[in-house]
Each structure stands twice: as structure tokens, then as C-alpha cells.
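Descriptive analysis of the structure
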Amino acid sequence: RAAGDPHRPAFHFVAPAGWLNDPNGLTQRDGWYHLFYQYNPYAAIHDRIHWGHARSTDLMHWEHLPIALTPGNGPDADGCWSGVLVDDGGVPTLVYSGRSDGIELPCVATGSADLVEWTTAAANPVIPAPPSDLDIVAFRDHCVWREPEYNGAPGRWRQIIGAGIRGVGGTALLYESDDLRSWQYVGPLLVGDADAQARTAPDWTGTMWECVELFRVDSEENATDVLVFSAWDDGVTHHPLYWTGDYRGDQFEPRALHRLDLGGRFFYAPQSMQDAAGRRLMFGWMQEGRTDAAAVAAGWSGVMSLPRVVSAGADGALHLAPAPEVDALRTELLFDGDASSPKLGALDGDQLDLELVVILAPGGSVELTVRAAPDGQEQTVYRLRRVGGEAEFSLDRSRSSLDETTDARALSGRIPLDGDTVRLRVLVDHSALEAFANGVPLAARVYPTRPDANRIAVTLNDAQGSIRAWRVASTRN
Ligand code: DQQ
């Protein structure tokens, strides 16, 4: 069933069938990138979660491997929730959240050298309960690292675990260990304020932080520590955010809060890794914008984003771009020229890579339409509108699908200008859309019903620009 679905992406990673959510255990080992993911192989619903597993040499063509973690009889009886993979002196070790009796607790598993076979530790859970001095909403998901050597002694392991403090807000709780098995609680690395913004604000920090992650980005001019989290509240996923700031001692001193993706929940629960080339690569879960019943009927749910390279932007925020490996999938160059050319009207496709460079005069705007039916009954429209020294970047999905049960909300936010220029990259892969405007991403899902909803169009107002359009190869059969 899954294979015959026109909404199923062809160059994004998807599970063989069933349900996929968060990326987990990202690593590069012996020349292979490994992607683990939250997986229910039995149905397209979030039920008893396993860890799916795939590997790739080029981040685009993935080979499915056997399921890595299966819920057992103990603390992960109801699911093996999100976590990471670390190298413990040569022993691949997973740190994940085991779920049983309605709560999650930290667990570990050790793996074979090829990362295919995993054995859960008899000592699980390795932390028996959240800190007793806190009234915790939820406690799960892990970011684990080793502190640098100090005076010739190996640094200790540290981890942060996502949590929420009731009546206060989300947090990342810091722990320390010598062996990944016995952990000492240090304290909250940073505590959010659930009431600081309106609950409906696109940068509301939620009552609990899922999938916390701490890393540093360095460029020649800029360096910053980054704390990424996914804002959550009472069973509802919201959006991924990050703080820039300074990780010092046992604290994270925040500088600024940013949205990680203007698509919000369509790029949720991200995880990143540093690869052998030193790049920071990030994946996120692109959840569905169609009903649960539609996903169950289709036999699959959830798309993994393309890999994104994360770097420090000139404005102190992060700059995100599709990994250059994505470019290698370009096949036919369909168009290269003036974006006002009438010839663009003849192009179509549901697997496209579009690169638009526009100069926006003050008050200027541009629209890029994708997945459009020739009569315009279905269409999905990106808009960039200059507002002072910035631009408003939005995605209009109000006419994306004639199927009224699909999510049609507008997605939008501000992006920095580069002088007067905006570089917009849009990757169209059936129902999965990923866009990047001057380093700010916007992920979304759309479900056109018409088989001819494949046209593209560009409209310029007080703007001029050029566009290149390529067809993109499938990475699966
Ligand atoms: N998904 C996992 C949790 C995590 C959530 C469960 C985020 O570990 O908090 O599948 O989407």
C-alpha cells in the first residue's frame, strides 16, 4: 500500500512501512552514516516504539537494517523512546528512554561493531527516577557527551535529559557519570518560563522540552553554544527552538531564543551529529498534515527531513542549508534564467530542486508557486515580502489540497536579508516540502489530490531574480 501512495516522498528517507518519528543515534562509523529512528513497524500509529535502523555512505541512499531495539519485558516494555549513540571506549552504546507504566526512564544498550545487534543492560533503568526535589511533568530524551580531558585525566560523561517543571516550564536536567551506568544529578542546565510568551506564539517554549541537544558551532567570525529543544505541552508537540548562549560550568547562559524551522511541527524533535569532515548535520521529523485515519489507510506515517548542515550565521543565529549531497541527486536542468520568463509555465514535476535568487527592493515581494494544477485549483505558494531590513517568509497552503481534511494552516516568520538579496531554495518531494531562505528553513507537508498539480510559477513585484530548476532522482525503487 505504502509504495503506491502518490504522497510518499522519493528522495527523503521513509520507513519501509508503519510509523516513523524522531531521528535517533546519529553517527558516522567505518565510513557509514547510521540513522536510527522512532519506529512502529506494525501500523502507522505511535504505539510500542522500536528503533528502526538504516545506513548510508552518501546521506541520501539508505539501506534498511534490522530493527535495533525492540520493547522488552522491563523498563522499556511499552517502548524504546528517543536517545543517542556514543562510543564508550570502542563499545557502541545507546542511551535512550525506556517507557513502561506510563513513564520514561533512562536505559542503555551496547552494540556489535557494525551497530546491527544490540543488548540492553540488565541494570536498566540506569537512573531510577527523576530528581526528587522537582515536580516533574515528563522526563525523557538524551544528549550525552564526554567533557574534555583535564590534567591528563579523561573527562567525565555528561548528559542532559529533557523535562518540565510543573508550573514553571521546560528544562534540561544535567547529570554526570564515569561509566554511563551510574549517574549523579547536577541540576538544571537552564529553566524555561512557560508563561513568557502566549501559548499560541510560534516561539512559546512549552511546559516541557523534548529532545534537548547541546552543541557548539564555530566559524571564522562567530562561535556560539546552542541548546536545541522541542517545545511540548500536555501531549501536544509544538515546534523546535534553540537558544544561543554560553555553556559554562554547570549552566547555560542564554543569549537569544530563535525558531529552528518556520514550519514548526513539520521539523520536530531534531537531532544532529558531527561527521568525520567536522560538519554538523541535523535531521528532523516531518510529521503528517493529513488525518491519522488517512495515514493508517496509506500504511505509513512520517518523513525524515533531508540532512541539513548547521553553521553559525553572520547575524549570530544559526544558518541551515541542505547538505551538498542533496545536489548530487539533480538530474535534468530544466531551466536556468530570468525568473520572469514565460517559459517557466511549461515546467512541472513533483520531484524538484528550485534555486531562486531575488533582489527585493523596499516594498518588493516575490511568490514561488509549486504543486499547482494548470487551472490553479490546487497550488502551494511561498511568499517573500520585504519589511524594512528583513523579509517576511511565508507558505500559503490554503489551496494546497482539495481534500479539506488536510492541514492548510499558513506558516511564516522573519528572515534576514543579505543586502537586498534573498536566496530561496525549495525541495519538492511529493508531500514533503523543504525550503530555505537566507539560511532559515521552513518545512511543510502538502497533499494535492490532482495528478496534474505539478506546475511551478514565479511572480515578481518590485523585484528581479533568476531561477534554476532541476529534476531530482529517486533514491528508492
Ligand atoms: N518522541 C519520542 C520521545 C520524544 C518524542 C517518543 C518527541 O522520546 O520526547 O517517540 O517527538
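Calculation notes
- Residues numbered from 1 in each chain as written.
- Predicted model: local features only at pLDDT ≥ 70, side-chain atom pairs only at ≥ 80, totals over all residues.
- Helix = DSSP H or I, 4+ residues; strand = E, 2+ residues; numbered from the N terminus.
- Rg over C-alpha atoms; globule rule 2.2 N^0.38 Å.
- Contact = placed C-beta atoms within 7 Å.
- Pairing = 2+ DSSP bridges.
- Axes fitted to C-alpha atoms, helices over the stretch in contact; angles between N-to-C directions.
- Buried ≥ 20, exposed ≤ 12 C-beta atoms within 10 Å, placed from the backbone.
- Near = placed C-beta within 6 Å.
- Nonpolar A, V, L, I, M, F, W, Y, C, P; charged D, E, K, R; others polar.
- Domains from an automatic or database assignment.
- Core = buried A, V, L, I, M, F, W, Y, C linked by C-beta atoms within 7 Å.
- pLDDT = per-residue confidence, 0-100.

Some words on the overall build of the protein
When helices and strands are tallied, the protein shows one helix and 31 strands. Relative to the globule expectation of 23 Å for 477 residues, the C-alpha radius of gyration of the protein, 22 Å, shows essentially globular dimensions. If you line up the protein on its principal axes, its C-alpha atoms span 65 × 50 × 40 Å. In the protein, of all internal contacts separated by at least 6 residues, the share reaching a separation of at least 24 is 57%.

Some details on the sheet that holds strand β7 (residues 103-111)
Taken in spatial order, the four strands make up an open sheet running β5-β6-β7-β8, and their pairing is antiparallel. Both edges of this open sheet fall to β5 (79-88) and β8 (118-120), since each of them pairs with a single strand only. Across the sheet, the axes of successive neighbouring strands diverge by a mean angle of 30°, strand direction being ignored. Both β5 and strand β6 (residues 91-100) contribute to a ladder of nine bridges, which runs antiparallel. Residue pairing across strands places Cys80 opposite Gly98, the latter belonging to β6.

A look at the pairing of strand β11 (residues 169-177)
When you tally the buried positions in β11, you get seven out of nine residues, the bulk of the element. Bridge count for strand β10 (residues 157-165) against β11 is nine bridges, and the pairing is antiparallel. The partner of Ile160 across the bridge, within β11, is Leu174. Turn length for the β11-strand β12 (residues 183-191) hairpin, with the two strands adjacent in sequence and antiparallel, is five residues, and the turn residue Leu180 shows positive phi of about 65°.

Things to note about the sheet that holds strand β14 (residues 223-233)
If you trace the four strands from one edge of the open sheet to the other, you get β13-β14-β15-β16, paired in antiparallel fashion. Strand pairing shows two members of the sheet lacking a second neighbour, β13 (208-218) and β16 (251-259), which therefore form its edges. Along the sheet, successive strands turn relative to each other by an average axial angle of 30°, direction set aside. Of the strand pairs in this sheet, β13 and β14 are connected by nine bridges, and their pairing is antiparallel. Bridge pairing in β14 links Val217 to Thr224.

As for the environment of Asp418
Relative to the helices and strands, Asp418 is located in the loop between β27 (411-416) and β28 (421-429). The spacing of Asp418 and Lys343 is 75 residues in sequence and 28 Å in space, taken between C-alpha atoms.

As for the site of the ligand
Close to the ligand lie 14 residues, the nearest being Gln38, Trp81, Ser82, Glu210 and Ala269. A per-class count over the shell around the ligand returns five nonpolar, five polar and four charged.

Section: the domain arrangement of the protein
Structurally, the protein comprises domain 1 (17-322) and domain 2 (329-472). Using only C-alpha atoms to locate each centre, domain 1 and domain 2 end up separated by 31 Å. At the junction of the two partners, domain 1 supplies 25 residues and domain 2 supplies 22 residues. Per element, the largest residue contribution to the side of domain 1 that touches domain 2 is four residues, and it comes from strand β22 (residues 318-322). For the side of domain 1 that touches domain 2, a count of residues per class yields 12 nonpolar, seven polar and six charged.

A few points about the nonpolar core
Within the largest apolar cluster, 137 residues are counted, with the highest numbers of intra-cluster contacts made by Ala172, Leu227, Leu424 and Val426. Sort the elements by how many residues they give to this core and strand β24 (residues 351-372) lands first, with nine residues. Formed jointly, this core draws a minimum of three residues from each of two domains, domain 1 (17-322) and domain 2 (329-472). With near-sequence residues (within four places) excluded, Ala172 lies in contact with Ile160, Gly162, Pro188, Leu189, Leu190, Trp209, Val212, Leu227 and Phe229.

Describing the pairing of strand β29 (residues 432-437)
Burial analysis of β29 places six of its six residues in the buried class, the great majority of the element. Residues Ala432, Glu434 and Phe436 line one face of β29 and the alternating positions Leu433, Ala435 and Ala437 line the opposite face, and both faces are buried. Count of turn residues in the β28/β29 antiparallel hairpin: two residues, of which His430 carries a positive phi of about 60°. Summarising the sheet, β29 and strand β30 (residues 440-445) pair through six bridges and their orientation is antiparallel. Within the sheet, the bridge partner assigned to Phe436 lies in β30 and is Pro441. Following β29, the chain reverses through two residues before pairing antiparallel with β30; Asn438 in that reversal takes a positive phi of roughly 45°.

A few points about the confidence of the model for the protein
Averaged over all residues, the pLDDT of the protein equals 97, while 100% of them reach at least 70. This complex was scored by the predictor with a pTM of 0.98 and an ipTM of 0.98.

Some words on unusual backbone geometry
That bond from Asn124 to Pro125 is cis: its omega, -5°, falls within 30 degrees of zero. Of note, Cys211 is a non-glycine position whose phi angle comes to about 50°, a positive value. Here Cys211 is to be found in strand β13. One non-glycine residue with positive phi stands out, namely Asp462, at about 50°. On the secondary structure map, Asp462 appears in strand β31 (residues 455-472). Classification of Asp462 as partly exposed rests on a count of 13 C-beta atoms within 10 Å.

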